[in-house]
Amino acid sequence: MSNEPSVTAPAGTAAGDLNAISHDLFLVRKTKLEQLRAAGEDPFRANWPQTHTSAQCLALAPAPEAPAPEGQQHALGPEVSVAGRLVVIRVMGKASFAKILDRDGVIQLYITRDEVGAERYNTHFKKMLDTGDFIGVRGPLFRTSTGEVTVRVKDYALVSKALRPLPEKWHGLTDSEQIYRQRYLDLVVNADSRHRLLLRSRIVRAVREFLWARDYTEVETPNFHTTAGGAAARPFVTHFNALSCEFFLRIALELHLKRCLVGGLDRVFELGRVFRNEGFDKSHSPEFTMLELYEAYSDHRGMLALVKALIQHLARDIVGSLQITRADGQVIDLGGDWREVTYKELIFEKTGDPDWFSRSKAHKTAVAREQFGLFVDDAWEDYEVTQEIYSKTIEKNLIQPTFVLNIPKELCPLAKINRADPATLDVFELCINGQEIAPAYSEQNDPLAQRAQFEAQAGGEAQKVDNDFLEALEHGMPPAGGMGIGIDRLVILLTGAANIRDVILFPTLRPETAPAPAAPAPAP
């Protein structure tokens, strides 16, 4: 409960619309704020000398013991000074219980009239404090008759008054749009969200430590690119006023990191934001976090061993288990051997046609449309029809860890051609949870072959060829393995989340005042 009057929704208030109620409580709290200031109290203090967090208090508390005899107190532990947001207030006459939330969790408080003084207890604690307020308290630790670690408050202070109430305790935040727009409230009232997003931070830190331990150097490269390279994606375009020219927000980290290989940084990685001006769904966001790493004198097989070791380390040592339960209850086993299968083998399995890659485009198009119900544009290239079958019917079913090897050469201009099958590349795509988690390459370091691949991909548009990168490559780059890992998808996997927005602290959203986009035209 809170020390606030009950407020009834006005007639005509829509079900679930608490704006009017929130406005009334805002006025109630603002009145309290004015009363506090009139009494000479600063409701927004500059600091509080916090000596312990809630978790440290739990570790310091006296050991559980038998119930105290009638009329006697429980043994008291060390005195602490803690601070946090009031999330529960239970007023019970001459004594009250409350709970505050800090960065480590929740700790209970026991406030009595005898300890803090009758006037302060009756006129301040009972009347001026509300859930959502931040307070600091001092006092010794003890355990209640139920064994709960509690601070026996000798002194307290309001350090920041909340003018708006927290979401109602039992219903919390359940509307997904509100959760993403008001993540700050979600962190307060939804323990699962708080745990998942804090776990993300631990995962990112562990990724860095894993690579540092293997002698990788972390670098930072530009967000603004003059050529949108390193991936096939539509970029965001911005105008640089001082230079009077257009730049692209980066769609990949790759090409600058390879320049580092040219410069002699043999093991290099970057964790950074990447921007792609495309749609978003449960597994895609226009702004996301990418890990890219490059190791000289390695190849895609070296990257295969590295990514398996990394993910198993994160699951075992950070999450606590090699068995991850998805949102739908299905268990992903990250232990043991991970399947290796070629792209062609998966296509053969799906189509039932061992001669698929020698069939005509017309035949493939007919199968894609009639057997799989897919939309295929007549202007698409042959390989694009096959890729549509893979992406729409195969990848989503690769739930257990699967390395998809030797993808078609048309899908990536930055990798080496496979010598045994020149129609494919020395590349793998690691798929887990029905998503691509990590592609990795034996990197192309032949500048002439790289130029030919870039020009073929550009389709005659010379401005799309990154000549500055090609010039760097012409100075010589060692053979290398390279890999990219989408951190958001990795966190989805390791936390069992159902949506990429659940693992991004503040996901990209349409402004509330912006009109909805027009519905796309139906596919022919």
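Below is a short write-up of the structure. (Residues numbered from 1 in each chain as written. Predicted model: local features only at pLDDT ≥ 70, side-chain atom pairs only at ≥ 80, totals over all residues. Heavy atoms only, no water.)

### Some details on the sheet that holds strand 9 (residues 237-240)
Note the following rule: In this analysis, strands are considered paired if DSSP registers two or more bridges between them. Secondary structure follows DSSP: runs of H or I at least 4 residues long count as helices, runs of E at least 2 residues long count as strands, and numbering of each begins at the N terminus.
What the 3 strands build is an open sheet, ordered 8-10-9; its pairing is antiparallel. One side of each edge strand has no neighbouring strand; the edge strands of this open sheet are strand 8 (224-225) and strand 9. The sheet contact formed by strand 8 and strand 10 (residues 245-249) spans 2 bridges and is antiparallel. Bridge pairing links His-225 to Phe-248 in strand 10.

### Quick look at the packing of helix 7 (residues 191-212) against helix 9 (residues 300-319)
Heads up, the rule is: Axis angles are defined between N-to-C directions and span 0 to 180 degrees, where every axis is a line fitted to C-alpha atoms and, for a helix, only to the segment in contact. Roughly parallel covers angles under 35 degrees, roughly antiparallel covers those over 145, roughly perpendicular covers 65 to 115, and oblique covers all other angles. Crossings are assigned a handedness: left-handed for a near helix turned anticlockwise from the far helix by less than a right angle, right-handed for a clockwise turn. In this analysis, two residues are considered to be in contact whenever any of their non-hydrogen atoms come within 4.5 Å of each other. Basically, the charged four are Asp, Glu, Lys and Arg, the nonpolar ten are Ala, Val, Leu, Ile, Met, Phe, Trp, Tyr, Cys and Pro, and anything else, Gly included, counts as polar.
Remark: helix 7 packs on helix 9, axes separated minimally by 10 Å, with the N-to-C direction vectors making an angle of 135 degrees. As judged from the angle between their axes, helix 7 and helix 9 are oblique. Judged by the twist between their axes, the crossing of helix 7 over helix 9 is right-handed. On the side of helix 7, the interface is formed by Leu-199, Arg-202, Ile-203, Ala-206, Val-207 and Phe-210, while helix 9 contributes Leu-306, Ala-309, Leu-310, His-313, Leu-314, Ile-318 and Val-319. Taken together, the residues of the contact of helix 7 with helix 9 break down into 11 nonpolar, 1 polar and 1 charged.

### Focus: the side chain of Glu-443
Basically, it comes down to this: Here a polar contact is taken to be a pair of N or O atoms separated by no more than 3.5 Å, where protein atoms must pair a possible hydrogen donor with a possible acceptor and residues adjacent in sequence count only if both atoms sit in side chains.
Topologically, Glu-443 is positioned in the loop between strand 18 (435-442) and helix 13 (447-458). A distance of 3.5 Å separates the side chain of Glu-443 from the backbone nitrogen of Gly-482, its partner in a polar contact. Among residues more than four places away in sequence, those in contact with Glu-443 are Glu-254, Lys-258, Tyr-294, Leu-414, Lys-416, Met-477, Ala-480, Gly-481 and Gly-482.

### Considerations on the packing of aromatic side chains
Threshold: Any two rings among Phe, Tyr and Trp, with Trp reduced to its six-membered ring, count as a pair given centres within 6.5 Å; such a pair is stacked if its planes are under 30 degrees apart, edge-to-face if over 60, and tilted if neither. Three exposure classes are used, based on accessible area relative to the maximum for each residue type with a 1.4 Å probe and protein chains only: buried under 20%, partly exposed in between, and exposed over 50%. Two limits define a charge over a ring: the Lys NZ or Arg CZ must be within 6 Å of the ring centre, and within 35 degrees of the ring normal.
Taken as a whole and judged by the stated rule, the model has 13 aromatic pairs. Each ring, one from Tyr-110 and one from Phe-142, has its centre 5.9 Å from the other, and the planes form 65 degrees; the classification is edge-to-face. Here Tyr-110, found in strand 3 (residues 105-112), pairs with Phe-142, found in strand 4 (residues 134-143); they are 32 residues apart in sequence, far enough to count as distant. A residue is classified by how much of its surface remains accessible, and Phe-142, at 8% relative accessible area, is buried. An angle of 55 degrees between the planes, with centres 5.5 Å apart, marks the rings of Phe-240 and Phe-247 as tilted. Pairwise contacts between aromatic rings join Phe-97, Tyr-110 and Phe-142 into one cluster. We note Arg-120 situated over the ring of Tyr-156; from NZ or CZ to the ring centre the distance is 4.2 Å. Seen from the ring of Phe-357, Lys-344 lies directly overhead, with NZ or CZ sitting 5.3 Å from the centre.

### Details of the side chain of Glu-395
Here is the rule we go by: In summary, the charge assignment counts Lys and Arg as positive and Asp and Glu as negative, without counting His or the chain termini. Salt bridge criterion: a side-chain nitrogen from Lys or Arg within 4 Å of a carboxyl oxygen from Asp or Glu.
Considering the arrangement of structural elements, one finds Glu-395 in the loop between helix 12 (382-394) and strand 16 (402-405). Although Glu-395 is buried, it forms no salt bridge, and the closest oppositely charged side chain is Arg-489 at an N-O distance of 5.6 Å. Apart from residues lying up to four places away in sequence, Glu-395 is in contact with Tyr-390, Glu-429, Cys-431, Gly-434, Gln-435 and Glu-436.

### Overview of the sheet that holds strand 19 (residues 480-486)
If you walk across this open sheet you meet the 8 strands as 7-11-12-19-18-17-16-15, and the pairing is mixed. The open sheet terminates on both sides in strands that have one partner only, identified here as strand 7 (217-218) and strand 15 (339-342). In the sheet, strand 11 (residues 267-275) pairs with strand 12 (residues 287-296) via 9 bridges, with the strands oriented antiparallel. From the neighbouring strand, Val-274 faces strand 12, where its bridge partner is Phe-288.

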